[in-house]
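Topology and contacts: notes
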Amino acid sequence: MHAPVSANEAAASDATERQLLLAAARRIADGFGALGLSERLDAIRNIIPGRVVFTTSFGIEDQAITHAIFADDLDIEVVTLDTGRLFPETHDVWAETERRYRRRIHGLAPHHGEVEALIARQGINGFHASVEARHRCCFVRKVEPLGRALADASGWITGLRAEQSSERSTTAYAAFDDERDLVKVNPLLDWSRARVVDYVARHGIPYNALHDRGFLSIGCAPCTRAVKAGEPERAGRWWWEQEARKECGLHNDNGDGHPATLAPVAVG
Ligand code: SF4
């Protein structure tokens, strides 16, 4: 039988784990520059101990990462947040991806009681009424399920790219996320959209049909529109809002709570 762990011992163990993860973030970021996508994912898996989760929304960046994980059979969980308001095309590419790689992608749904309470409070499309109402919907349908997806994880991989918005341009390759107690890694941070598109074409990776209809960034159906030529990539997300910052709460900290590098990356 194990002796009970004192509060001091537990605090010391937490501090050690945090130091380990901070060091892991630093190692990943320092070595990333010269590596290809597969090597970056390999490095993430080798350096971060414990559970590593990749959250996909089936956008083109996420499809590139999913391909690299499945093709190399890496021990990285691929999960998605099925908000209940996704486009049919997104479900189509989800199914096609599972067929292509013969792997199941774990979908997390929001708690039905919270969705019912949300709809009772602000209506089925209440997110149009205010930024606060929209954030409430994003919280119930995305942020809370994300918390469950990342519970006990040591690493979280995302498809963020610096080029996607001014907020994301200051994101780090890897950082210790204080709020979630894990290393958040953005292995496509320095990739241009053209480079991602080329990678997906070269490997014959399935992608969301909406990308061919002017949708550059794809989220929930009622909150995403196609963008016009010259508009920023994320202009089609919550387009009715005047706020410059267009995030759903998943990446509020920009992933740079404790950045492993402060140098801006060169996108290419
Ligand atoms: S993107 Fe729109 S529908 Fe989806 S969770 Fe946010 S507010 Fe709700």
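Before any of the text, the structure's been laid out above.
Quick look at the structure, then. Predicted, not measured: the structure shown is a model, and the values here were computed from it.

Definitions and cut-offs
- Residues numbered from 1 in each chain as written.
- Predicted model: local features only at pLDDT ≥ 70, side-chain atom pairs only at ≥ 80, totals over all residues.
- Helix = DSSP H or I, 4+ residues; strand = E, 2+ residues; numbered from the N terminus.
- Expected span 1.5 Å × (residues − 1).
- Buried ≥ 20, exposed ≤ 12 C-beta atoms within 10 Å, placed from the backbone.
- Contact = placed C-beta atoms within 7 Å.
- Core = buried A, V, L, I, M, F, W, Y, C linked by C-beta atoms within 7 Å.
- Axes fitted to C-alpha atoms, helices over the stretch in contact; angles between N-to-C directions.
- Parallel < 35°, antiparallel > 145°, perpendicular 65-115°, else oblique.
- Left-handed = near helix turned anticlockwise from the far one by under 90°.
- Nonpolar A, V, L, I, M, F, W, Y, C, P; charged D, E, K, R; others polar.

1. Re helix α3 (residues 60-71)
Spanning twelve residues, α3 covers 16 Å between terminal C-alpha atoms, matching the ideal 16 Å at 1.5 Å per step. Among the twelve residues of α3, ten are classified as buried, and the element is accordingly described as predominantly covered. Looking only at α3, the buried set comprises Ile-60, Glu-61, Asp-62, Gln-63, Ala-64, Ile-65, Thr-66, His-67, Ala-68 and Ile-69. Check the buried side of α3 and you find it contacts α2 (37-47), β1 (52-56), β2 (77-81), α4 (88-101), β4 (155-157) and α7 (193-202). Immediately beyond the C-terminal end of α3, within one or two residues, lies Asp-73, with a positive phi of roughly 50°.

2. A short note on the nonpolar core
Ranked by internal contacts, the top residues of the largest apolar core, which has 44 residues, are Ala-25, Ile-28, Ala-174 and Val-183. At six residues, the largest contribution of residues to this core is made by helix α1 (residues 7-32). Among the nonpolar cores identified, the runner-up in size contains nine residues, and Leu-86, Val-140, Cys-223 and Trp-238 belong to it.

3. What to know about the packing of α1 against α2
For the pair α1 and α2, interaxial distance at closest approach is 10 Å and the crossing angle is 160°. One way to sum up the angle between α1 and α2 is to call them roughly antiparallel. For α1 against α2, the interelement crossing comes out right-handed. For the pair α1 and α2, the contacting residues are Ala-24, Arg-27, Ile-28, Gly-31 and Phe-32 in the first and Arg-40, Ala-43, Ile-44 and Ile-47 in the second. Classifying every residue of the contact of α1 with α2 by side-chain character gives six nonpolar, one polar and two charged.

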